[in-house]
Amino acid sequence: MKVFAIEPSGNVYGSEYCLLDIIEGTQPQGFSWHVVTTPGGGFDRVLAGHSISFTAPLSRDSHTVPLRKKLFGYLAVRRELEQRRPDLLYVNQAGVLRAASALVTGLNIPIVSQVQTIEDSQFLSRHPDIQPKVLAFIFNSEFTASFANVESARKCVLYQAIIAPTTRAVRASPRG
């Protein structure tokens, strides 16, 4: 199965490590991953360090970037989707589901979305129009899922302990 993932922030926070764990937890002979992200946020280096296929066409700090520049990035993602023809689009931030839905229009690519924050859960509730294109929503807790008005059959909860490498180093360092 070819999976195309969108990680729009490109930072190295919890949701990015969750995506990395999911990618590394799938069988390489059964799954082929490609990630699109932003350059320079750190996640691009993590992906490269784990030999995971990726490109970085999306704009950093997209909330401050002019719409035209954002559109160029998403047009590049659309071209990649057309060329790669994945079996699944994995959206690592529910807040970009509108854009993701538009990107797969006419391509018949199903979507799975990771939902890490209460804000993203509330976003889903405010925008029921984007939900039909999404096969499943993966929440990080029952608590986060409780804020989303999503059909229960499409709600999945994946509890995952994530310890970033920098956190491990801090914990391992001697105290004062």
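This is a predicted model, so every value here is computed, not measured. (Residues numbered from 1 in each chain as written. Predicted model: local features only at pLDDT ≥ 70, side-chain atom pairs only at ≥ 80, totals over all residues. Heavy atoms only, no water.)

Peer 1: Describe the overall build of the chain, and please don't skip the residues or the numbers.
Peer 2: Broken down by element type, the chain carries seven helices and seven strands. Reading the chain from its N terminus to its C terminus gives the helix and strand order β-α-β-α-β-α-β-α-β-α-β-α-β-α. Going through the 176 residues of the chain one by one, you find that 45% of them count as buried. Contacts in the chain between residues at least 24 apart in sequence constitute 52% of all its contacts with a sequence separation of at least 6. Counting every atom, the chain has about 9,500 Å² of accessible surface; 55% of that belongs to carbon and sulfur. (Helix = DSSP H or I, 4+ residues; strand = E, 2+ residues; numbered from the N terminus. Buried < 20%, exposed > 50% of the residue type's maximum accessible area, 1.4 Å probe, protein only. Contact = heavy atoms within 4.5 Å. Areas by Shrake-Rupley, 256 points an atom, 1.4 Å probe, with all protein chains shown as cover.)

Peer 1: Residues and numbers for the sheet that holds strand β6 (residues 134–139), please.
Peer 2: The strand order β3-β2-β1-β4-β5-β6-β7 describes an open sheet built from seven strands, whose pairing is parallel. The open sheet has two free edges, formed respectively by β3 (54–55) and β7 (155–157), since each of these has just one partner strand. Taken together, the three bridges between strand β4 (residues 88–91) and strand β5 (residues 111–115) define a ladder with parallel strand orientation. Paired with L89 across the two strands is I111, which belongs to β5. Taken strand by strand, helix α1 (residues 14–25) contacts β1 (2–6), β2 (32–36), β4 and β5, and its axis lies near 160° from that of β2. (Pairing = 2+ DSSP bridges. Axes fitted to C-alpha atoms, helices over the stretch in contact; angles between N-to-C directions.)

Peer 1: Quick rundown of the nonpolar core? Include the residues and the values.
Peer 2: I6, V77, L81, L89, L97, L124 and F137 are the most contacted members of the largest nonpolar core, which has 28 residues in total. Once residues lying within four places of it in the same chain are set aside, the contact partners of I6 are V36, L58, V77, L89, Y90, V91, N92, A100 and L103. Counting residues in hydrophobic clusters, the runner-up holds 18 residues, among them L47, I52, Y90 and I138. (Core = buried A, V, L, I, M, F, W, Y, C linked by side-chain atoms within 4.5 Å.)

Peer 1: Give me the lowdown on the pairing of β1, citing residues and values where you can.
Peer 2: Remark: a regular strand shows side chains that alternate across the two faces of the sheet. Buried residues dominate β1, accounting for four of its five residues. Note that β1 and β2 share five bridges and pair parallel. Residue pairing across strands places K2 opposite S32, the latter belonging to β2. Following the chain from β1 across α1 to the adjacent parallel β2, one finds a crossover that is right-handed. Relative to β4, β1 runs parallel, the two being bridged by four bridges. If you follow A5 over to β4, its bridge partner there is Y90. (Right-handed = clockwise from strand over helix to strand, strands pointing away.)

Peer 1: Now, about the environment of T144: what can you tell me, with residues and values included?
Peer 2: On the secondary structure map, T144 appears in helix α6 (residues 142–145). For T144, a relative accessible area of 5% corresponds to the buried category. In contact with T144, other than residues within four places in its own chain, are V115, Q116, T117, I118, S121 and F139. Side chain to side chain, T144 and N140 meet in a polar contact 2.9 Å long. (Polar contact = N/O pair within 3.5 Å; in protein donor to acceptor, adjacent residues only side chain to side chain.)

Peer 1: Lay out the packing of aromatic side chains with the relevant residues and their values.
Peer 2: For any two aromatic rings, the description comes down to two numbers: the centre-to-centre distance and the angle of the planes. In the structure shown here, the tally under the stated rule is three aromatic pairs. One Lys or Arg, K155, reaches over the ring of F139 and ends 6.0 Å from the middle of that ring. (Phe/Tyr/Trp six-rings, centres within 6.5 Å; stacked < 30°, edge-to-face > 60°. Lys NZ or Arg CZ within 6 Å of the ring centre and 35° of its normal.)

Peer 1: Describe the side chain of T26, and please don't skip the residues or the numbers.
Peer 2: Its place among the elements puts T26 in the loop between α1 and β2. For T26, the side chain forms a polar contact with the main-chain oxygen of I23, separated by 2.8 Å. When sequence neighbours within four positions are dropped, the list of residues in contact with T26 reads F31 and W33.

Peer 1: An account of the side chain of H127 is requested, with residue identities and associated values reported.
Peer 2: For H127, the location among the structural elements is in the loop between α5 (118–126) and β6. In terms of polar contacts, H127 uses its side chain to reach the side chain of R98, at 2.6 Å.

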